[in-house]
Amino acid sequence: VFPSALLVCAGAALTAGASSLETLTGAVLVWGMGNSMVGPGVTAFTADIARDEGTRSQALSLSNTAMDLSLLVCPLSLGALAQLTDCPTALLATSGVVGAANMLFALRTTEPRHQLKSDD
């Protein structure tokens, strides 16, 4: 999750400063690559931390609902901010929010420790 969110953060920041079509294309590629890895990463992390089979489906459903809600709210918020300021400012704000959320995630989470099942 952390590396993919870093790519999203970098892609948004690079997009804000793009001065040519080539730079913009590269920045959007970085952003898109990060976005394509965030969903599976969050799903895998959620499945790992929800140890109880009974709550795993609820946790995955809640996680996917939160991601879907962000896909609905974030573009609208980004567009509104771009209307109030300008596009580079809105993209840098996006990069900052993603970066801050990513740092909070990295500081507050730990790798789940699962007991390996023995063949005994």
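Up top you'll find the structure we're talking about.
All of these numbers come straight from a predicted model, not from anything done at the bench. (Residues numbered from 1 in each chain as written. Predicted model: local features only at pLDDT ≥ 70, side-chain atom pairs only at ≥ 80, totals over all residues. Heavy atoms only, no water.)

### What to know about the overall build of the protein
Looking only at helices and strands, the protein features four helices and zero strands. Element order for the protein, N to C, with α for helix and β for strand: α-α-α-α. On the principal axes, the C-alpha backbone points of the protein span a range of 60 × 25 × 20 Å. For the protein, the proportion of its 120 residues judged to be buried stands at 21%. Across the protein, the fraction of contacts at a sequence separation of at least 24, relative to all contacts at a separation of at least 6, is 62%. Averaging the coordinates of the 5 positive side-chain charges in the protein and doing the same for the 9 negative ones gives two points 11 Å apart. (Helix = DSSP H or I, 4+ residues; strand = E, 2+ residues; numbered from the N terminus. Buried < 20%, exposed > 50% of the residue type's maximum accessible area, 1.4 Å probe, protein only. Contact = heavy atoms within 4.5 Å. Lys, Arg positive; Asp, Glu negative; His and termini not counted. Charge placed at Lys NZ, Arg CZ, Asp CG, Glu CD.)

### Thoughts on the state of the cysteines
One pass over the full model with this rule turns up zero disulfides. Among the cysteines around C9, which has no disulfide bond, C74 carries the closest sulfur, lying 14 Å off. Cysteine C87 remains unbridged, with the sulfur of C74 as its closest cysteine sulfur at 16 Å. (Disulfide = S-S within 2.5 Å.)

### Focus: the nonpolar core
Within the largest apolar cluster, five residues are counted, these being V8, A12, A16, W31 and L91. Broken down by element, this core gets its largest block of residues, three residues, from helix α1 (residues 2–16). Apart from residues no more than four positions distant in its own chain, V8 is found in contact with W31, G34, N35, V38 and V98. (Core = buried A, V, L, I, M, F, W, Y, C linked by side-chain atoms within 4.5 Å.)

### Regarding a nonpolar patch on the surface
Residues L69, L72, V73 and L76 make up a contiguous nonpolar surface patch of roughly 400 Å² in combined accessible area. Following the sequence through the fold, L72 ends up in helix α3 (residues 53–84). The class of L72 is exposed, set by a relative accessible area of 54%. (Patch = residues over 30% accessible without salt bridge, like charges linked within 9 Å, V, L, I, M, F, W, Y side chains within 5 Å. Areas by Shrake-Rupley, 256 points an atom, 1.4 Å probe, with all protein chains shown as cover. Salt bridge = Lys/Arg side-chain N within 4 Å of Asp/Glu carboxyl O.)

### Notes on the environment of R56
Secondary-structure assignment places R56 in helix α3. Setting aside residues no more than four positions away along its own chain, R56 makes contact with A47, A50 and R51.

### Looking at α3
For α3, built from 32 residues, the straight-helix expectation of 46 Å at 1.5 Å per residue is met to within 8% by its first-to-last C-alpha distance of 46 Å. For α3, the full list of buried residues reads S63, M67 and A82. The elements touched by buried residues of α3 are α2 (21–49) and α4 (87–108). (Expected span 1.5 Å × (residues − 1).)

### Re the side chain of T15
With respect to the secondary-structure elements, T15 resides in helix α1. Residue T15 is classed as buried on the basis of its relative accessible area of 12%. Discounting chain neighbours no more than four positions away, the residues touching T15 are L24, A27, V28, W31 and L91.

### Notes on the pattern of salt bridges
Tallied over the full model, the rule gives one salt bridge. E53 is the salt-bridge partner of R56, the closest N and O atoms lying 2.7 Å from each other. Highlighted residues: R56 and E53, both in helix α3, separated by three residues, approximately one helical turn. Relative accessible area serves as the criterion here: at 21%, R56 is assigned to the partly exposed category.

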